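Listed below, chain by chain, are the residues.
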Amino acid sequence: MEHDHRSVAVLDPPARKLPTFEEPTPPSPPPPAVDSARRPGPGRWRAAAVALAFLVGGASGGVVATVVDDPPPTTPAAATAGSDAIAQPQDIQAILAKVEPAVVTIRTQLASQGRFFVASGAGTGVILTPNGEVLTNAHVVAGATFIEVTLSGEDQARRADLVGIDSTNDLALLKIRGASNLPTAKLGSSDALRVGDDVVAIGNALALDGGLTVTDGIVSAVNRTISDRTIHLEGLIQTDAAINSGNSGGPLVNASGQVVGINTAVAGDAQNIGFAIAIDRAKPVIDQLRSGLSR
């Protein structure tokens, strides 16, 4: 179930030991020359702990996780234009024309929390088939007793049912009741992404009225791993496209208008560090969800 997240500060680093003033501190010798080719790559450094919250609009606090490792070092590529670039603002409008009709907002209710209060949540989903299959995050719909979705351009919400859920991969599949001839999203290849490629995030940010929120950015890292007490996700796409509570389950889209990731979490104590499930990792899970997988 998605919930509103809160930032959690990283622990302060240990204080550095200062020299005493009983004797003057001798000057340090100049550092030896280092061959740049032998400097350790980013994968050799221990990753910094990052507070991270899942992007759910809901009733209780967010889930905190930690980035636990870096991708292996890679050989720098020649300085060329990105293989997936968005050159003009009109390009984003063209992307939206392809994808936005297939993005839905999701609202859920949990079991009654008493006589007067009902816990609720909000998220985003992507339509996969004309008959109403919708891919979203498991934590958007986990424990829901009532699910409804609203299509882009529609005011009336539609009822949906849970087909399958995989909490270990944070994915779930819904089915819109009585749906037919719906617009669908085209799935791309996350394996083809490079750091620096342009991407667009679309979703139900903050569950605000007035339509979906659209932000753009780049792929800032690939093959990220995040973890906390309840979940461990690998092979994630890291992006600086602004994503917020309610974006969970929404698409991360490349410059061709193809879905390359499912937005999942954001570093709560950083600026513009979000994570999406790579679509190539999600594809085999989708087939399992269609068979009614529940875990």
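Residues numbered from 1 in each chain as written. Predicted model: local features only at pLDDT ≥ 70, side-chain atom pairs only at ≥ 80, totals over all residues. Heavy atoms only, no water.

**Observations concerning the pairing of strand E8 (residues 171-176)**
With five of six residues buried, E8 lies mostly within the body of the structure. Note: strand E5 (residues 133-136) against E8, four bridges, orientation antiparallel. Following the sheet pairing, Leu 135 is matched in E8 by Leu 173. Pairing geometry for strand E7 (residues 158-166) and E8, over six bridges, is antiparallel. Paired with Leu 162 across the bridge in E8 is Leu 174. Counting the residues between successive antiparallel strands, the hairpin from E7 to E8 contains four residues, one of them, Asp 170, with a positive phi of roughly 55°. (Buried < 20%, exposed > 50% of the residue type's maximum accessible area, 1.4 Å probe, protein only. Helix = DSSP H or I, 4+ residues; strand = E, 2+ residues; numbered from the N terminus. Pairing = 2+ DSSP bridges.)

**Observations regarding the pattern of salt bridges**
As enumerated under the stated definition, the model contains six salt bridges in all. The salt bridge involving Asp 166 is made with Arg 295; its shortest N-O contact spans 2.9 Å. Here Arg 295 lies in the segment after helix H3 (279-290) and Asp 166 lies in strand E7, a separation of 129 residues in the sequence. Exposure remark for Arg 295: the relative accessible area of 46% places this residue in the partly exposed category. Overlapping salt bridges, with partners in common, bring together Glu 133, Asp 287 and Arg 290 in one network. (Salt bridge = Lys/Arg side-chain N within 4 Å of Asp/Glu carboxyl O.)

**What about the environment of Leu 187?**
Following the sequence through the fold, Leu 187 ends up in the loop between E8 and strand E9 (198-203). Dropping the residues within four chain positions of it, Leu 187 is found in contact with Leu 128, Gln 258, Val 259, Ile 279, Lys 283 and Ile 286. (Contact = heavy atoms within 4.5 Å.)

**Some remarks on the pairing of strand E6 (residues 146-151)**
Only one face of E6 is covered, namely the face carrying Ile 147, Val 149 and Leu 151; the face carrying Phe 146, Glu 148 and Thr 150 is uncovered. Note: E6 against E7, two bridges, orientation antiparallel. Of the residues in E7, the one forming a bridge with Val 149 is Arg 158. Between E6 and E7, which pair antiparallel in sequence order, lie six residues; one of them, Gly 153, sits at a positive phi of approximately 85°.

**So, the side chain of Thr 215**
Checked against the element boundaries, Thr 215 lands in strand E10 (residues 213-227). Polar side-chain contacts of Thr 215 include one of 2.6 Å to the backbone oxygen of Ala 242. Not counting residues up to four positions away in its chain, the partners in contact with Thr 215 are Val 199, Val 200, Ala 201, Ala 241 and Ala 242. (Polar contact = N/O pair within 3.5 Å; in protein donor to acceptor, adjacent residues only side chain to side chain.)

**Points about the environment of Ala 160**
Among the secondary structure elements, Ala 160 is positioned in strand E7. For Ala 160, a relative accessible area of 3% puts it in the buried group. When near neighbours in sequence (up to four residues on either side) are disregarded, Ala 160 contacts Ile 147, Glu 148, Val 149, Leu 174, Lys 175, Ile 176 and Arg 177.

**Examining H3**
Taking 1.5 Å per residue, twelve residues should reach 16 Å; H3 reaches 16 Å between its end C-alpha atoms and fits that length. Listed in full, the buried residues belonging to H3 are Ile 279, Asp 280, Ala 282, Val 285, Ile 286 and Leu 289. Of the surrounding elements, those touching the buried residues of H3 are E5, E7, E8, strand E13 (259-267) and strand E14 (274-278). Immediately downstream of H3, the backbone of Gly 292 shows phi near 95°, a positive value. (Expected span 1.5 Å × (residues − 1).)

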